[in-house]
Amino acid sequence: MTTESAFINILRGFAKDPAARGLLDDAAVVEIGDSCLIITHDMMAEDVHFKSNANPADVAWKLVASNLSDLAAKGASPIGVLLGFMLGDDDWDRAFAAGLEKVLGHYGVALLGGDTVSNRGDKRALGLTALGIAANRPVPSRAGAQVGDILYVTGTLGDALAGFELIDAGFDEVGPLADAFNRPQARLAEGQKLAPFVHAMMDISDGLLIDAERMATASRLGIEIDLACIPLSPAYVSYRTDSLESRMQAASWGDDYELLFCAPADARLNVDATAVGRVIAGGGLTLRNGDELVKLPPTLGYQHH
Ligand SMILES: Nc1ncnc2c1ncn2[C@@H]1O[C@H](COP(=O)(O)OP(=O)(O)OP(=O)(O)O)[C@@H](O)[C@H]1O
Ligand SMILES: Cc1ncc(C[n+]2csc(CCOP(=O)(O)O)c2C)c(N)n1
Ligand SMILES: [Mg+2]
């Protein structure tokens with residue numbers, strides 16, 4: 001079977017409209033007159049993104065939040081979504097719809113349409129298209145990093161990983177770690193505030209390391225990350241300890257939905273964020289732990305295959 005990156009590479013061969021941004025960004029950027037529409041689509045599949053026994057309202061939440069996170073990464077304000085839904089168990093479908101209404105209400109986003117099919121008893125796959133209006137232009141891309149920029153991340157990393165482990169082990173699905181996995185927050189306000197100042201911005205869905213490498217590739221430069229600087233929550237540290245290994249895992253599991261951005265070294269930040277690295281000449285990703293160089297792990301993040 002082909003991998004996610006191999007398949008997207010095939011599509012890059014003919015996705016030549018400038019709005020597609022070379023399929024190297026979080027969303028499409030469509031200029032219409034004086035306005036700029038931001039469009040993104042993300043899917044979730046049973047057993048891949050959520051367990052079969054997951055709360056359907058949590059699945060609805062994450063489907064919406066993960067899509068709005070891509071809008072946040074472009075500094076956009078959301079206007080609406082379209083849902084691609086697979087019918088299955090009736091109770092599940094109803095609970096999903098109730099959860100969808102709640103999460104859309106929370107973010108003040110309209111349901112504009114969608115499509116419904118039957119899953120015929122198979123695993124479910126759900127899709128969501130989210131539309132937003134760019135609050136700031138030019139719209140930040142993954143490709144604008146400059147040598148000397150500082151690399152920042154909002155929030156903390158690894159909480160969703162720890163939450164998933166707790167849920168998988170059968171612990172109560174309550175508390176900040178389970179919430180981080182089930183109900184990520186799209187950083188919309190932060191994205192809009194940052195958009196005028198950043199050189200490059202994206203969200204972290206597949207892990208800091210693989211997503212930073214994607215930013216480096218899009219910008220045709222190198223990025224150096226210091227694992228010692230990665231922000232971990234007290235809950236993460238008390239559950240998984242603070243070691244090089246647990247830092248590496250927090251940086252490469254994914255499902256974080258925090259913003260990753262580059263800004264000039266003298267920029268005064270207008271949101272809470274942690275400096276985790278810098279943009280350097282060359283290409284690819286370099287890892288440090290304080291003063292020591294660290295070998296790249298075999299997998300930098302989550303890739304579908
Ligand atoms: N099936 C597809 N058809 C067209 N474009 C695609 C397809 N899959 C991915 N892309 C494009 O490839 C680029 C990278 O996609 P990717 O899914 O890695 O970004 P993302 O949505 O920010 O991340 P994630 O899916 O991990 O949340 C984007 O421009 C996306 O629109
Ligand atoms: C049941 C279950 N097992 C594993 C994971 C972990 N996981 C799956 S996809 C993904 C990255 C984002 O996906 P995408 O790139 O498709 O947006 C991550 C971290 C999960 N969420 N649920
Ligand atoms: Mg993204």
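Residues numbered from 1 in each chain as written. Chains lettered and ligands numbered in written order. Predicted model: local features only at pLDDT ≥ 70, side-chain atom pairs only at ≥ 80, totals over all residues. Heavy atoms only, no water.

Describing the coordination of the magnesium ion (ligand 3)
- Each protein donor to the magnesium ion (ligand 3) is listed here as Asp26 (OD), Asp70 (OD) and Asp203 (OD); together their distances run 2.0 to 2.1 Å.
- The sequence motif formed by the donor residues of the magnesium ion (ligand 3) is D-x43-D-x132-D. Here Asp26 is found in the loop between α1 (4-12) and β1 (28-32), whereas its partner Asp203 is found in strand β7 (residues 200-204), with 177 residues between them in sequence. The burial state of Asp26 is the same as that of Asp203; both residues are buried. (Donors = N, O, S within 2.8 Å, 3.2 Å for Na, K, Ca; no water. Helix = DSSP H or I, 4+ residues; strand = E, 2+ residues; numbered from the N terminus. Buried < 20%, exposed > 50% of the residue type's maximum accessible area, 1.4 Å probe, protein only.)

A few points about the sheet that holds strand β9 (residues 258-263)
- Taken together, 7 strands build an open sheet; the order of strands is β7-β9-β6-β10-β8-β11-β12 and the sheet is mixed. Each end of this open sheet is capped by a strand with a single partner; those strands are β7 and β12 (292-294). Put simply, the sheet's adjacent strands are angled 30° from each other on average, direction ignored.
- Note that strand β8 (residues 222-226) and strand β11 (residues 284-289) share 5 bridges and pair parallel. Looking at the pairing, Ile225 lines up with Leu287 of β11.
- Sheet contacts for helix α2 (residues 56-73): β7 and β9; angle to β7, the most-contacted strand, approximately 170°. (Pairing = 2+ DSSP bridges. Axes fitted to C-alpha atoms, helices over the stretch in contact; angles between N-to-C directions. Contact = heavy atoms within 4.5 Å.)

A closer look at the site of ligand 2
- The immediate surroundings of ligand 2 are formed by 14 residues, with Val48, His49, Asp206, Asp255 and His304 found nearest.
- Contact distances for ligand 2 include 2.8 Å between an oxygen atom and a side-chain N or O atom of His49.
- Here an oxygen atom of ligand 2 and a side-chain polar atom of His304 are 2.7 Å apart.
- Isolated, ligand 2 exposes 520 Å² of accessible area, and the fraction of that covered by the protein chains is 90%.
- For the shell around ligand 2, the residue count by class is 7 nonpolar, 4 polar and 3 charged. (Near = heavy atom within 4 Å. Polar contact = N/O pair within 3.5 Å; in protein donor to acceptor, adjacent residues only side chain to side chain. Areas by Shrake-Rupley, 256 points an atom, 1.4 Å probe, with all protein chains shown as cover. Nonpolar A, V, L, I, M, F, W, Y, C, P; charged D, E, K, R; others polar.)

Notes on the domain arrangement of the protein
- You can read the domains of the protein as domain 1 (4-134) and domain 2 (150-294).
- One C-alpha centre belongs to domain 1, the other to domain 2, and the line joining them spans 22 Å.
- Here domain 1 meets domain 2 over a buried area of about 1900 Å², counting both sides, of which 53% is carbon and sulfur.
- Taken together, domain 1 and domain 2 are joined by 3 salt bridges.
- Put simply, Asp58 and Arg183 hold a salt bridge, and the shortest N to O gap is 2.7 Å.
- Inspection of the domain 1/domain 2 interface yields 10 residue pairs in polar contact (both at pLDDT 80 or more).
- At 12 residues, the largest contribution of residues to the side of domain 1 that touches domain 2 is made by α2.
- For the side of domain 1 that touches domain 2, the class distribution of residues is 11 nonpolar, 6 polar and 7 charged. (Domains from an automatic or database assignment. Buried area = accessible area lost by both parts, 1.4 Å probe. Salt bridge = Lys/Arg side-chain N within 4 Å of Asp/Glu carboxyl O.)

Observations regarding the site of ligand 1
- Neighbouring ligand 1 are the residues Ile8, Leu11, Leu23, Leu24, Asp25, Asp26, Asp42, Asp70, Arg142, Asp203, Ser205 and Asp206.
- Here an oxygen atom of ligand 1 and a side-chain polar atom of Ser205 are 2.6 Å apart.
- In this structure, Asp206 approaches ligand 1 through a side-chain N or O atom, which is 3.1 Å from an oxygen atom.
- Within the complex, the protein chains bury 68% of what would otherwise be the 610 Å² of accessible surface of ligand 1.
- Here the residues of the shell around ligand 1 sort into 4 nonpolar, 1 polar and 7 charged.

Let's talk about the packing of α2 against helix α3 (residues 90-107)
- Interaxial distance between α2 and α3 falls to 7 Å at its minimum, and their mutual angle equals 40°. As summarised for this structure, α2 and α3 are arranged oblique, according to the angle between their axes. Taken as a pair, α2 and α3 cross one another with a handedness that is right-handed. Packed against α2, whose contacting residues are Pro56, Ala57, Val59, Ala60, Trp61, Leu63, Val64, Ala65 and Leu68, the element α3 presents Trp92, Ala95, Phe96, Gly99, Leu100, Val103, Leu104, His106 and Tyr107 at the interface. (Parallel < 35°, antiparallel > 145°, perpendicular 65-115°, else oblique. Left-handed = near helix turned anticlockwise from the far one by under 90°.)

Some words on the nonpolar core
- If you look at the biggest cluster of nonpolar residues, it comprises 44 residues, and the most contacted ones within it are Ile38, Val59, Val64, Leu68, Phe96, Leu100 and Tyr107.
- Looking at this core, the elements that each hand over two or more residues are β2 (35-45), α2, β3 (76-87), α3, β5 (125-134), β6 (150-153), α6 (188-194) and β9.
- Counting residues per element, this core draws most heavily on α2, at 10 residues.
- Summarising the domain contributions, this core has at least three residues from each of domain 1 (4-134) and domain 2 (150-294).
- If sequence neighbours within four positions are ignored, Val64 has contacts with Leu100, Val103, Leu104, Tyr107 and Leu128.
- With 35 residues, the next largest nonpolar core counts Val153, Leu208, Ala216 and Ile225 among its residues. (Core = buried A, V, L, I, M, F, W, Y, C linked by side-chain atoms within 4.5 Å.)

Here we look at the state of the cysteines
- Counted by the stated rule, this structure contains 0 disulfides.
- Cysteine Cys229 is unpaired, with the sulfur of Cys262 as its nearest cysteine sulfur at 15 Å.
- Judged by relative accessible area, which is 0%, Cys262 ranks as buried. (Disulfide = S-S within 2.5 Å.)

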